[in-house]
There are 2 protein chains.
Amino acid sequence: MTRRPKAKDSERSAQILEAADALFGEVGFDGVSVRDIAERAGVNKALVFYYYGSKDALFELVVERFYTAHADALASAFAAEGSQAERFHRMIDAYVDFIDANRNYPRLMQRQVAGGTEGLELIRKGLTPLFEWTERILSEVCPERGPLAARHFWITFSGAVINYFTYGPVLAPLWGGDPGSPQAVTERRAHLHWLVDVILDGLERESDKQE
Amino acid sequence: MTRRPKAKDSERSAQILEAADALFGEVGFDGVSVRDIAERAGVNKALVFYYYGSKDALFELVVERFYTAHADALASAFAAEGSQAERFHRMIDAYVDFIDANRNYPRLMQRQVAGGTEGLELIRKGLTPLFEWTERILSEVCPERGPLAARHFWITFSGAVINYFTYGPVLAPLWGGDPGSPQAVTERRAHLHWLVDVILDGLERESDKQE
DNA sequence: TCTTGATTGAACCGATCGGTCAAAACATCG
DNA sequence: CGATGTTTTGACCGATCGGTTCAATCAAGA
């Protein structure tokens, strides 16, 4: 076993992927040229095509990596231990921590979701498992249909988590202090926990009302 | 006073603006070429520059129109009549109705917020009044600082409203039924109202705890 | 040493982009 | 009608894009 690198796991190909990760996250698909990626990776442009075939393929790969990383990050929080509230807090924390450590992810996702109807299938592929999974857990405390169904809370919470990081930079000047600072993120986490508690309370009262 | 049209309010310039509105909203700045806009407006490409100078200027104009329309839509819900809960419900409804009637607006906004650091100042200009305004109302029921401060709820609610419309199309297949249908939107409105009630309840209990 | 795959450099392609320009077309007024 | 000022057009420009090609290097395995 020598050092001759095989395709797709050579050092150079990793550099390219890393550069693509960063640039696509920062400025989006249209804002980045293959030349930019090659330059950032310190690599010849032709090599990008040599390894990944096309700009689209490279982008898809970056997106998929993000989504599976997201799923992996959430998996660790899936343990059934603790009270219901504790479990939801853990999921929220995992979500927040992941985004906190991958600031480009929410931007990339929002951009994609809000983008045209083109890449819709790709987003769906990445988002579906996350959705179904979270929905299953939420179903324990939610009615199956109506305004309190799991899917509504899924949107509400994913919005509450993600939009904090996407809107944060915009509103920072009105904020006083950086919304991305550790203290600020901790405060946001507390807000979300409080929200979870209040909602669980409300749902419980709701089901009492039913019986 | 004859019918010689002055620049910027001629029929053609309105057609151009309309086409730009639609296309920028659908596919975003980078996804649209000036040729596309001209074609959709049924007009020569050069005329776009004749009236609006540049693609950037036209885009700014479209964005500003969206933001002021948003502010106008919310203004109608600002009346002080009714209970606190009623007033918040009214604001939510106004927000939902506006987006419901301008489906491209949330996509454009999300795309812009998640975009690079370039257009940040432009977004800020449009979003600041909306933020300050809503924050003032929220301040009646929120502590000034900490996890329950107004700004946290602003993000949470704007996310809960906006993301429903941006994520809706993506999750539609898992949903069963169109999330954009009138019934579905009504159900979402009910979800948000419930959320408002539960949160107001929680905040009240919180302030009781303090005293 | 010879072979094979990784990597580079540069030139090149067709397509598309935002933007310009000068002339045509038009409407209006004298 | 002709003069005048505006609106509209089509052709054109340079730049950039994604992608290809090909000859030249380089390193390591056989």
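Residues numbered from 1 in each chain as written. Chains lettered and ligands numbered in written order. Predicted model: local features only at pLDDT ≥ 70, side-chain atom pairs only at ≥ 80, totals over all residues. Heavy atoms only, no water.

1. Topic: the environment of Val62(A)
Along the chain, Val62(A) turns up in helix H4 (residues 55–75). The sequence separation of Val62(A) and Phe24(A) amounts to 38 residues, and the corresponding C-alpha distance is 8.2 Å. (Helix = DSSP H or I, 4+ residues; strand = E, 2+ residues; numbered from the N terminus.)

2. Digging into the domain arrangement of chain A
Residues and elements named next belong to chain A. If you check the domain split of chain A, you get domain 1 (10–53) and domain 2 (60–210). Relative placement of domain 1 and domain 2: their C-alpha centres are 29 Å apart. If you look at the interface, domain 1 gives ten residues, while domain 2 gives eight residues. Contact with domain 2 buries surface across domain 1, with Leu17, Asp21 and Gly25 losing the most and accounting together for 60% of the total. There are one salt bridge connecting domain 1 and domain 2. Where Arg65 meets Asp21, a salt bridge forms, and the shortest distance between an N and an O atom there is 3.5 Å. Summed over the shared surface of domain 1 and domain 2, the result is four residue pairs in polar contact (both at pLDDT 80 or more). Sort the elements by how many residues they give to the side of domain 1 that touches domain 2 and helix H1 (residues 11–31) lands first, with nine residues. Here the residues of the side of domain 1 that touches domain 2 are counted per class, giving six nonpolar, two polar and two charged. (Domains from an automatic or database assignment. Contact = heavy atoms within 4.5 Å. Buried area = accessible area lost by both parts, 1.4 Å probe. Salt bridge = Lys/Arg side-chain N within 4 Å of Asp/Glu carboxyl O. Polar contact = N/O pair within 3.5 Å; in protein donor to acceptor, adjacent residues only side chain to side chain. Nonpolar A, V, L, I, M, F, W, Y, C, P; charged D, E, K, R; others polar.)

3. Examining the side chain of Thr134(B)
Among the structural elements, Thr134(B) can be located in helix H7 (residues 120–138). Setting aside anything within four residues of it in sequence, one finds Thr134(B) in contact with Met91(B) and Trp154(B).

4. Points about the nonpolar core
Phe153(A) and Phe153(B) are the most contacted members of the largest nonpolar core, which totals 143 residues. Once you skip the residues sitting within four places of it in the chain, Phe153(A) turns out to touch Leu138(A), Cys142(A), Leu148(A), Ile199(A), Leu203(A), His191(B), Trp194(B) and Leu195(B). (Core = buried A, V, L, I, M, F, W, Y, C linked by side-chain atoms within 4.5 Å. Buried < 20%, exposed > 50% of the residue type's maximum accessible area, 1.4 Å probe, protein only.)

5. Considering the relation of the copies chain B and chain A
Of the transformation placing chain B onto chain A, the axial shift is 0.0 Å and the rotation is 180°, giving an RMSD of 0.1 Å. Here the transformation between the copies is reduced to the relation of a two-fold axis. Comparing contact sets, 98% of the residues at the interface of chain B also lie at the interface in chain A, consistent with an isologous, same-surface contact. (Least-squares fit on C-alpha atoms with pLDDT ≥ 70 in both.)

6. What about the packing of aromatic side chains?
Summed over all chains, the structure comprises 28 aromatic pairs over all chains. With a centroid separation of 5.9 Å and 20° between ring planes, the pair formed by Phe131(A) and Trp175(B) is classed as stacked. Of this pair, Phe131(A) sits in helix H7 (residues 120–138) while Trp175(B) sits in helix H8 (residues 150–175), each in a different chain. As far as burial versus exposure is concerned, Phe131(A) and Trp175(B) are alike and both buried. Both rings, one in Trp154(A) and one in Tyr167(B), keep their centres 6.3 Å apart while their planes meet at 70°; by these two values the pair is edge-to-face. Here Trp154(A), found in helix H8 (residues 150–175), pairs with Tyr167(B), found in helix H8, and the two come from separate chains. Taken together, the ring pairs in this structure connect Phe66(A), Tyr67(A), Phe98(A) and Tyr105(A) into an aromatic cluster. In this structure, Lys55(A) is placed above the aromatic ring of Phe29(A), and the distance from its NZ or CZ to the ring centre is 4.1 Å. (Phe/Tyr/Trp six-rings, centres within 6.5 Å; stacked < 30°, edge-to-face > 60°. Lys NZ or Arg CZ within 6 Å of the ring centre and 35° of its normal.)

7. Some points on the interface of chain B and chain A
Contact with chain B, which involves 54 residues of that partner, is made by 53 residues of chain A. Looking at the side of chain B facing chain A, the largest losses of area belong to Ile155(B), Tyr167(B) and Trp194(B), adding up to 14% of the total buried there. Here chain B is connected to chain A by two salt bridges. Of the charged contacts, one joins Arg205(A) and Asp201(B) as a salt bridge, the two residues approaching to 3.3 Å between their closest N and O atoms. Here chain B is connected to chain A by 23 residue pairs in polar contact (both at pLDDT 80 or more). The set of elements that each furnish at least two residues to the side of chain B that touches chain A consists of helix H1 (11–31), helix H6 (104–114), H7, H8 and helix H9 (182–210) of chain B. Per element, the largest residue contribution to the side of chain B that touches chain A is 19 residues, and it comes from H8(B).

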